[in-house]
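Summary of structural features
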There are 2 protein chains.
Amino acid sequence: MAEDKAVTMVTCTAPVNMAVIKYWGKRDSELILPINSSLSVTLHQDQLKTTTTAAISRDFKEDRLWLNGEEADAGHPRLQACLREVRRLARKRRGSSTDAAPLSLAYKVHVASENNFPTAAGLASSAAGYACLVFALARLYGVEGELSEVARQGSGSACRSMFGGFVQWHRGERPDGKDSVAQQVAPETHWPELRVLVLVVSAEKKPVGSTAGMQTSVDTSPLLKHRAEALVPERIACMVRHIRERDFEGFGQLTMRDSNQFHATCLDTFPPIFYLNDVSRRIIALAHRYNAHHGCTKVAYTFDAGPNAVIFALADTVAEFVEVVRRSFPPAPNGDQFVRGLPVGSASLPEELLSAVVLEPVPGAIRYILHTKPGPGPQLLDDPSQHLLGADGLPRGSA
Amino acid sequence: MAEDKAVTMVTCTAPVNMAVIKYWGKRDSELILPINSSLSVTLHQDQLKTTTTAAISRDFKEDRLWLNGEEADAGHPRLQACLREVRRLARKRRGSSTDAAPLSLAYKVHVASENNFPTAAGLASSAAGYACLVFALARLYGVEGELSEVARQGSGSACRSMFGGFVQWHRGERPDGKDSVAQQVAPETHWPELRVLVLVVSAEKKPVGSTAGMQTSVDTSPLLKHRAEALVPERIACMVRHIRERDFEGFGQLTMRDSNQFHATCLDTFPPIFYLNDVSRRIIALAHRYNAHHGCTKVAYTFDAGPNAVIFALADTVAEFVEVVRRSFPPAPNGDQFVRGLPVGSASLPEELLSAVVLEPVPGAIRYILHTKPGPGPQLLDDPSQHLLGADGLPRGSA
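Because the structure is predicted, anything quoted here is derived from the model rather than measured.

Analysis parameters
- Residue numbers run consecutively from 1 along every chain, following the written order of its sequence.
- Here every chain gets a letter starting at A, and every ligand a number starting at 1, in the order they are written.
- In keeping with the model being predicted, local features are shown solely for residues with a pLDDT of at least 70 and side-chain atom pairs are shown and tallied solely at 80 or more, while totals for entire chains, interfaces and linings include all residues.
- In computing side-chain properties, one takes all heavy atoms of the structure into account and sets aside hydrogens as well as water.
- In this analysis, the protein atoms alone were mapped onto a 1 Å grid. Cavities are point sets where a 1.4 Å probe fits without being able to get out; pockets are open sets with protein on both sides within 12 Å along at least five of seven lines; lining residues have an atom within 4 Å of a point.
- Grid points are joined across faces, edges and corners, and a volume is the space filled by probe spheres set on the points.
- Secondary structure elements follow DSSP: runs of H or I no shorter than four residues count as helices, runs of E no shorter than two count as strands, and numbering proceeds from the N terminus.
- Any two strands with at least two DSSP-identified bridges between them are counted as paired.
- To get an axis, fit a line to the C-alpha atoms, keeping to the stretch in contact for a helix; angles then go from 0 to 180 degrees between the N-to-C directions.
- Should any heavy atoms of two residues lie within 4.5 Å, those residues are counted as being in contact.
- For the least-squares superposition of copies, only C-alpha atoms count, and only for residues with pLDDT at least 70 in both.

Overview of empty space enclosed by the protein
Tallied over the full model, the rule gives two cavities of 30 Å³ or more. The computed volume of the largest cavity comes to approximately 150 Å³. If you go around the largest cavity, you meet 15 residues; those closest to its centre are Leu 267 and Phe 274 of chain A together with Leu 267, Phe 274 and Arg 281 of chain B. Elements with a minimum of two residues in the lining of the largest cavity: helix H6 (248-267) of chain A together with helix H6 (248-267) of chain B.

Brief notes about the sheet that holds strand E12 (residues 194-201) of chain A
Residues and elements named next belong to chain A. Across the sheet, five strands lie side by side as E13-E14-E12-E16-E15; this open sheet has mixed pairing. Each having just a single partner strand, strand E13 (299-303) and strand E15 (339-341) make up the two edges of the open sheet. Each neighbouring strand pair of the sheet contributes to a mean axis angle of 25 degrees, computed without reference to strand direction. Summarising the sheet, E12 and strand E14 (residues 309-314) pair through six bridges and their orientation is antiparallel. What sits directly across from Val 196, in E14, is Phe 312. This element, helix H8 (residues 315-328), spans E12, E13, E14, E15 and strand E16 (366-372) of the sheet and lies at about 140 degrees to E14.

Observations concerning the sheet that holds strand E10 (residues 166-169) of chain A
In any sheet, the strands associate via hydrogen bonds between backbone groups, in a parallel or an antiparallel arrangement. All names here are of chain A. Overall, antiparallel pairing links the four strands, which are arranged E2-E5-E10-E11 in an open sheet. Each of the sheet's edge strands pairs with one partner strand only, and the pair in question is strand E2 (17-21) and strand E11 (182-186). Neighbour-to-neighbour, the strand axes of this sheet turn through a mean angle of 35 degrees, independent of strand direction. The strands touched by helix H5 (residues 222-244) within the sheet are E2, strand E5 (38-42), E10 and E11, with E2 carrying the most contacts at an inclination of about 110 degrees. Set on the sheet, H6 makes contact with E2 and E5; between it and E2 the angle comes to about 90 degrees.

With respect to the relation of the copies chain B and chain A
For the pair chain B and chain A, the superposition axis carries a translation of 0.0 Å, the fit reaches an RMSD of 0.0 Å, and the rotation angle comes to 180 degrees. Within this description, the copies of the chain are treated as partners about a two-fold rotation axis. Ranked by how close their C-alpha atoms come to the rotation axis, the residues of chain B are headed by Ala 264 of chain B, at 2.1 Å. A shared interface surface links the copies, since 100% of the contact residues of chain B are contact residues in chain A too.

Right, dumping it as structure tokens:
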């Protein structure tokens, strides 16, 4: 680290991840320790990523934070927890050498972060955000090694965004959370045919936030307790096996069942929490009709804490299924571009597929489809032109 | 029984019941033995009832059945099972006396049945229907004593319609089902202030039938298995206590939680089953806002295998809550009569209640409200003019 320069900064990117075995409920809300293990697919940063620049300088008077260009509260306890933990790791590391002065650990930090996707996509941006923050801070302070435990303390699912491909977040047993870490099950190159479609639903309003929601579920749902204790451990083991074997039938079936079970525990919460709306339910029914028509699992849906569907499919299914979605939810004629992200080929639908699968189209119910695939973990950007902060430590382009 | 007459007939009525601890899943689909006990409130026949005339004659050539004026298949296995069981009981009873010839047990039977409520109400008419059939056949053949076990073999929940007031259907342990019977927990007079509002939702289509649905749930939902084995027994005991103590707070809370848990197990079914739609969810949210405003449980919702809500409340809450529903779901100006059944007084809503509870009205989403209360069990009608069959054993008014 060149600590004699006025401002030292690094810029990194980090991915969004989508759980296929869901995390819902904390056993320790301070350390963010989950009641069960979870497993996710890291999505490719070409389509969905957070970029974060972190800077330190002896001239900074206070910690400052900018999110998507707007200044935000840098005193947020979760952000401060990540900062404290990274500094602690840095201190520990430097304790064993004498070549670096610990002075910079007392400097204030400036952080700027932005997403390349709209918040409207309803994808958990906090996971990518905290993963990116922790990755950038670690590079800034020269910290290496296990960082998912730190990211977890920013946002639980952020620990899974610290790796690419297929990632398991181990529940862990220790009260201090040292064993509640993420681990890569397989890299993104392991299953090159796997594709992901995000179906962005036109939602009327923001649903219950996941932090408040999961706490109410832990407090009131006997079904969630049973799921976490008795059902998830076996599901994790099965899902790891399906991924290792690239068994889409098994992977898809279990993904759908686990999404449904998560939403079932939300409904068993009191008062009940609903994240699926009538459009979500139509997408679920459509996926089942489509699979039934083909006689096997060609597409698998999963829903997080919102109405948007995430669909897994193999590459050779994408063009046909996208056309099925387009026919089932005809886009508004003057609306946004309907298919975004990776290219999607064209497909003509056989008459018997249309009549069996496409029933009662609902125009405009899906705003757009984002086509992506599994991708790598956080990246360091070498090109200084990509820093979000200028040499003065303030957002570029700001007055 | 006057067996020398050409046609012998009796006419009875039977009530609908609404489960507050839900039945979902059979352990024996032939005998209709449930995986858990359930508990229901019998609704008053002034608003909702089935009327059934059963007749026998040596002149009848075959069993015949008319439902709401339309001839239906009298060979239906469930109907034949009830007929067989009642005849068996009659034979058993007559076996101990010599004054009655068993000849009439071989006669063919004519049955006519009709409901005083439209099928559109989405209320399980099969419960009232089979309760009424069994009650009528028993009177026809002079059978007395425990009949819920027979009604259960027509339609599971029919056994609960064999009693008025508050009724528990015991799961039972025996493989032959002899101990899977209904029992009155308290008569309808026990809680005179209790009222019931059926909110009939404008539904787009018929949902998955409950017989097929519950079988899929038993086969695929691990949460249903846990609910039936580990959670329902304690819930039944609590609900009995709340009813005995006329504790509306406890009764209402548990009613809502159990409805939500039942629908959660439907969502955990694979493929998932959805009975609640967006309007159902708005009613749920409305009930929670209304209770939150009052700081206690004033209304409690429950939903069966469809989107219609059944609301329990005490008499002094009805006028206000009906007005809240009317403001939240403004009736179509030229629609049907919005409030039906028992009289509902008028109520003016305080401004702070309106602003806290009535958000974003959805015109026309509720077709009408039926106001009723707990009522008695099946009744024998003495007046021959009420028979649905004429002296010729055919429906009155038919050519």
